[in-house]
Amino acid sequence: HTAGWNNPYRVVDMWGSDARGRIGTQYIIGGINPRSGDDSYDGTVLRCFDDEHYAWHLGGVDRYMHKHSIGIEVCNFGQLTKKGNEFYTYANTKVNPDQVTTLDRPFRGYKYWHKYSDKQIASLRDLIIYVTELHGISRHVGLQERLTHMSPRDAFDYYDEAKFGEVKGILSHTSVRPDKFDMFPQDNLVDMLMGL
């Protein structure tokens, strides 16, 4: 997740102007504004740099994983907190109820999440197919494989083999970092992954 707003162009601008260094992902998928419902960027895919380059997109993992993985960022705030009948992001931004998904069981301690749109999931599917075919990556190793014998909550959770580069397939940030909240097991995301 971008842990923020819907506009992927602004994410790129922010990366270019912040002082964190070369942190970013190769691709970004735009979303729906969680307050206004503006869907101008919903499902829009940006390619931020060429294949021969990489950026630090995983955080606290070794350099091998950064250099040997392709990051896809989804414009999304992630986990939400319910206060009364309203939902708020970690930055205390109020989210429209139609932008909220509720999990059957909490994931990483949260039951409410900023919903992935249908267009985001469709763009993510197309991008996964493109990237895996281009680079010879199995779509069945990683998340899909885990989803066949685990609950979605457990399949999306951290495991050492993923963090240390032993899994040559599709992973989430939550697969390689126990402290991250992106991605979460929304039902139609799970269905998309299983249908790859």
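This text follows the structure it describes.
Residues numbered from 1 in each chain as written. Predicted model: local features only at pLDDT ≥ 70, side-chain atom pairs only at ≥ 80, totals over all residues. Heavy atoms only, no water.

S.K.: Just to check I follow, could you spell out the overall build of the chain for this structure?
M.R.: Helix and strand counts for the chain stand at eight helices and eight strands. For the chain, whose C-alpha radius of gyration is 16 Å, the value lies close to the compact-globule estimate of 16 Å for 196 residues. The C-alpha extent of the chain, read off along each of the three principal axes, is 45 × 40 × 30 Å. In the chain, which comprises 196 residues, the proportion classed as buried is 46%. Counting every atom, the chain has about 10000 Å² of accessible surface; 48% of that belongs to carbon and sulfur. Looking at the chain, you have 23 positive and 26 negative side-chain charges, and the mean spots of the two groups are 5 Å apart. (Helix = DSSP H or I, 4+ residues; strand = E, 2+ residues; numbered from the N terminus. Rg over C-alpha atoms; globule rule 2.2 N^0.38 Å. Buried < 20%, exposed > 50% of the residue type's maximum accessible area, 1.4 Å probe, protein only. Areas by Shrake-Rupley, 256 points an atom, 1.4 Å probe, with all protein chains shown as cover. Lys, Arg positive; Asp, Glu negative; His and termini not counted. Charge placed at Lys NZ, Arg CZ, Asp CG, Glu CD.)

S.K.: So what exactly am I meant to see when it comes to the sheet that holds strand β2 (residues 45–47) here?
M.R.: The strands making up a sheet associate through hydrogen bonds between their backbones, and the pairing can be parallel or antiparallel. The strand order across the open sheet built from three strands is β2-β1-β3, with neighbouring strands paired in mixed fashion. Unpaired on one side and paired on the other, β2 and β3 (72–74) mark the two borders of the sheet. The sheet shows a mean angle of 20 degrees between the axes of neighbouring strands, taken without regard to direction. Bridging between strand β1 (residues 27–29) and β3 involves three bridges; their strand directions are parallel. For Tyr27, the partnering residue across the bridge sits in β3 and is Ile72. The sheet strands contacting helix α1 (residues 8–17) are β1, β2 and β3, and the helix crosses β1 at an angle near 140 degrees. The strands that helix α3 (residues 118–135) touches are β1, β2 and β3; relative to β1, the one it contacts most, it runs at about 160 degrees. (Pairing = 2+ DSSP bridges. Axes fitted to C-alpha atoms, helices over the stretch in contact; angles between N-to-C directions. Contact = heavy atoms within 4.5 Å.)

S.K.: What should I look at first to understand the packing of α3 against helix α8 (residues 187–194) in this one?
M.R.: When two helices pack together, their arrangement is given by the angle between the helix axes and by the axis-to-axis distance. Axis separation between α3 and α8 bottoms out at 10 Å; the angle between their running directions is 25 degrees. Classified by the angle between their axes, α3 and α8 sit roughly parallel to one another. Here α3 runs over α8; the crossing is right-handed. Only Asn188, Leu189, Met192 and Leu193 of α8 make contact with α3, whose side of the interface consists of Asp118, Ile121, Leu124, Arg125 and Ile128. Partitioned by chemical class, the residues of the contact of α3 with α8 number six nonpolar, one polar and two charged. (Parallel < 35°, antiparallel > 145°, perpendicular 65-115°, else oblique. Left-handed = near helix turned anticlockwise from the far one by under 90°. Nonpolar A, V, L, I, M, F, W, Y, C, P; charged D, E, K, R; others polar.)

S.K.: Sorry, what's going on with the nonpolar core here?
M.R.: Soluble globular proteins tend to pack their nonpolar side chains together in the buried interior. The biggest cluster of nonpolar side chains holds 25 residues, and the ones touching the most others in it are Phe156, Leu189, Met192 and Leu193. Listing elements by their share of this core, those giving two or more residues are β1, β7 (100–107), α3, α4 (143–147) and α8. For this core, the element with the most residues is α3, which contributes six residues. Sequence-distant contacts of Leu189, defined by excluding residues within four places in its chain, comprise Tyr116, Ile121, Leu124, Phe156, Met183 and Phe184. Val61, Met65, Val167 and Val176 belong to the second-largest nonpolar core, a separate cluster that totals six residues. (Core = buried A, V, L, I, M, F, W, Y, C linked by side-chain atoms within 4.5 Å.)

S.K.: Even after reading the chapter, I still don't get α3, so can you show me in this structure?
M.R.: Residues spaced three or four apart along an α-helix face the same direction, because each turn holds 3.6 residues. A rise of 1.5 Å per residue sets the reference length of α3, with its 18 residues, at 26 Å; its end C-alpha atoms lie 26 Å apart and thus fit the reference within 8%. Of all the residues in α3, the buried ones are Gln120, Ile121, Ser123, Leu124, Leu127, Ile128, Ile129, Val131 and Thr132. Once α3 ends, the next one or two residues include Gly136, with phi positive near 65 degrees. (Expected span 1.5 Å × (residues − 1).)

S.K.: Help me understand the state of the cysteines in this model?
M.R.: In a disulfide, the sulfur atoms of two cysteines are covalently bonded to one another. Taken as a whole and assessed by the stated rule, the structure comprises zero disulfides. With no disulfide of its own, Cys48 lies closest to Cys75 among cysteine sulfurs, the gap being 9.8 Å. (Disulfide = S-S within 2.5 Å.)

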